[in-house]
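Summary of the model geometry
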Amino acid sequence: MRNSGYDVLVTGADQRQGLALIRALGTGGERVFAAGPHRRSIGFHSRYAAGRGCYPPPQDDKQAFAGRILDLVREHRISVVFPSGESEVIALDEFRDSFPPGVALAMAPRDSLTLALDKRRTYSLAEAVGVPCPRTCCPGSVPEATAFAREVGFPVVLKRFAMPTYGRTDRGRSVKVAYAKDPPALEKALEVCGTAGCLPLVQEYVSGDGVCQGTVCVSGEARGVYQYRRAREYPVTGGVTAVHVTEAVDPVPLAWTRRLLGEMRFEGLAQVEYRRSRKTGRYVLIEVNGRCWAPISGALRAGLNYPLAHYRHLTGGEAVELPPAYPVGRRTRYLRGDLSALEQHLQGRTPDYLEPLPSRGRLLWDILKDFSPGTRGDVHDWGDPSPSLWEAASLGNRYGRRAAGALLRFAGVGRRRAAEPSVRPDAGA
């Protein structure tokens, strides 16, 4: 089914990876319909967004989201839907049978997604095929979790096994990532999680850098693998990639990436994340992201247009061909996340962590250094400037308001102090 108006619908236009997908497909000559949860979605400002439409957030109502996407597909006769975020992938997978046979969903089959979306299944498969993982427990009770933690040794990591929207229940809502330094901290965290109806995974803590390998898969074969290191994150203790640096592909984790995605029979874009020890260089698997990864703009700038290659393979059966090499040492920054991490750290709101945190001055200096030609913003693109101008205005408004509020509070304190009567000692005392 070929559409005369739009070729592909991209979800997540409010996110940087959605904007990257719009650009990646648009530069290839495809007419992109950009879809996001609100009219302020940054991807709507891209010159490659030939059409625009809103939907209810999948985090709130998966069925309503999928229904709206289906309505847009029918209304505009769109033949390919390309989801960018995990919540969108989960919702579309759950309702994929509602889409007509002529509509392709640019994501992996259900069985492959199940292995990637559920960390319990991911770790089980990884261990079966010889990919090293942190020792992990899926506890059925608090005593079981505590016994495991004592066995592997503190500190330990607590993490949810899947996104909150995964499955048809609320299981997995307990915690995203938390750390426990000792038994009392673990028991307290588990008690809180237990009230949410599901205990989290308890995992051995592995120190080191986050290293990720991105790729596009055809019948489980990873094509054109790209590697980057997380240089800074939001929050600074770990989470969203704020600054990443391209690296040469390490053949050791590359073999594991190919093996794991091959066993999953994965199709489409995927990212495999590892933790690499700074002392030994040893890698362990952290997770598999069965979708477009958030900082994919770095790969696009390196000449690796994974989304377009996957789209053309889906629609025309073209062979996926990507450059055999790419420049290393390139820095790309998510400015909004970087500034949020700095703001949180300066205010003393950085979550508790297991390793020494940078001083406020050090973090400020590191962030200021990346305002240089050597670091590219993942939103900025000279060929498509409107989204970066919109982002700059949004950030300026946000921090301008906060600065004005701080000045008003400071001025208010000054006025109160000036109004207070001075108390002078009695000269005759």
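Quick caveat: nothing in here was measured; it's all calculated off a predicted structure. (Residues numbered from 1 in each chain as written. Predicted model: local features only at pLDDT ≥ 70, side-chain atom pairs only at ≥ 80, totals over all residues. Heavy atoms only, no water.)

**Some points on the overall build of the protein chain**
- Of regular secondary structure, the protein chain possesses 13 helices and 16 strands.
- Here the C-alpha atoms of the protein chain give a radius of gyration of 24 Å, agreeing with the 22 Å that 2.2 N^0.38 yields for 429 residues.
- The buried share of the protein chain, taken over its 429 residues, is 52%.
- Long-range contacts, defined here as pairs at least 24 residues apart, represent 66% of the contacts in the protein chain between residues at least 6 apart.
- Total accessible area computed for the protein chain in this model is approximately 20000 Å², and 52% of it derives from carbon and sulfur atoms.
- Side chains of the protein chain carry 59 positive and 45 negative charges; the gap between the two charge centres is 5 Å. (Helix = DSSP H or I, 4+ residues; strand = E, 2+ residues; numbered from the N terminus. Rg over C-alpha atoms; globule rule 2.2 N^0.38 Å. Buried < 20%, exposed > 50% of the residue type's maximum accessible area, 1.4 Å probe, protein only. Contact = heavy atoms within 4.5 Å. Areas by Shrake-Rupley, 256 points an atom, 1.4 Å probe, with all protein chains shown as cover. Lys, Arg positive; Asp, Glu negative; His and termini not counted. Charge placed at Lys NZ, Arg CZ, Asp CG, Glu CD.)

**Describing the packing of aromatic side chains**
- According to the stated counting rule, one finds eight aromatic pairs in the structure shown.
- Look at Tyr 6 and Phe 33: their rings are 5.2 Å apart centre to centre, the planes differ by 75°, and that puts the pair in the edge-to-face class. On the criterion of sequence distance, the pair formed by Tyr 6 in the segment before strand 1 (8–10) and Phe 33 in strand 2 (residues 32–36) is long-range, its members being 27 residues apart.
- Tyr 6 sits in the buried class, given a relative accessible area of 16%.
- The class of Phe 33 is buried, set by a relative accessible area of 2%.
- Grouping aromatic residues by their ring pairs yields a cluster made of Tyr 226, Tyr 228 and Tyr 326.
- Taking the ring centre of Tyr 334 as reference, the NZ or CZ of Arg 16 above it sits at 4.0 Å.
- Its guanidinium or amino end placed over the ring of Phe 161, Arg 120 lies 3.7 Å from that ring's centre, counting from NZ or CZ. (Phe/Tyr/Trp six-rings, centres within 6.5 Å; stacked < 30°, edge-to-face > 60°. Lys NZ or Arg CZ within 6 Å of the ring centre and 35° of its normal.)

**Some words on the sheet that holds strand 15 (residues 331–333)**
- The strand order across the open sheet built from seven strands is 14-13-10-11-12-15-16, with neighbouring strands paired in mixed fashion. Edge strands, defined here as strands with exactly one partner in the open sheet, are strand 14 (283–289) and strand 16 (375–377). Neighbour to neighbour, the strand axes of the sheet diverge by 30° on average, direction disregarded.
- Taken together, the three bridges between strand 12 (residues 240–247) and strand 15 define a ladder with antiparallel strand orientation. Counted as the bridge partner of His 244 is Thr 332 from strand 15. (Pairing = 2+ DSSP bridges. Axes fitted to C-alpha atoms, helices over the stretch in contact; angles between N-to-C directions.)

**With respect to the pairing of strand 10 (residues 209–218)**
- Of all the ten residues making up strand 10, ten are buried; the element is thus mostly covered by neighbouring parts of the structure.
- Judged by which residues are buried, strand 10 turns out to be covered on both faces: Asp 209, Val 211, Gln 213, Thr 215 and Cys 217 on one side and Gly 210, Cys 212, Gly 214, Val 216 and Val 218 on the other are all buried.
- Note that strand 10 and strand 13 (residues 268–276) share nine bridges and pair antiparallel. When the bridges of strand 13 are listed, Val 216 appears paired with Leu 269.
- Pairing analysis gives seven bridges linking strand 10 to strand 11 (residues 221–234), with the strands arranged antiparallel. Note that in strand 11 the partner of Val 211 across the bridge is Arg 229.
- Here strand 10 folds back onto strand 11, and the loop between the two strands holds two residues, one of which, Ser 219, carries a positive phi near 55°.

**Brief notes about the pairing of strand 7 (residues 156–159)**
- The two faces of strand 7 match: Val 156 and Leu 158 on one face and Val 157 and Lys 159 on the other face are all buried.
- Here strand 7 pairs with strand 9 (residues 201–204) via four bridges, running antiparallel. Across the sheet, Val 157 pairs through a bridge with Gln 203, a residue of strand 9.

**Remarks on the side chain of Gln 344**
- Note on placement: Gln 344 falls in helix 11 (residues 335–346).
- Look at Gln 344 and you get buried, because its relative accessible area is 12%.
- Leaving out residues up to four positions away in the same chain, Gln 344 has contacts with Tyr 234, Pro 235, Arg 349, Thr 350 and Pro 351.

**A short note on helix 4 (residues 110–117)**
- All of the buried residues along helix 4 are Ser 112, Leu 113, Thr 114, Ala 116 and Leu 117.
- Buried residues belonging to helix 4 abut helix 3 (86–94), helix 5 (119–128), helix 8 (251–264) and strand 14.

**Re the confidence of the model for the protein chain**
- Confidence in the prediction of the protein chain, expressed as mean pLDDT, is 90, and 92% of residues score 70 or more.
- Note on residues 168–173: pLDDT is under 50 here. Beyond four places in sequence and across chains, it has ten contacts.
- A low-confidence stretch, residues 423–429 (pLDDT under 50), is modelled with zero contacts involving residues beyond four sequence positions or located in other chains. (pLDDT = per-residue confidence, 0-100.)

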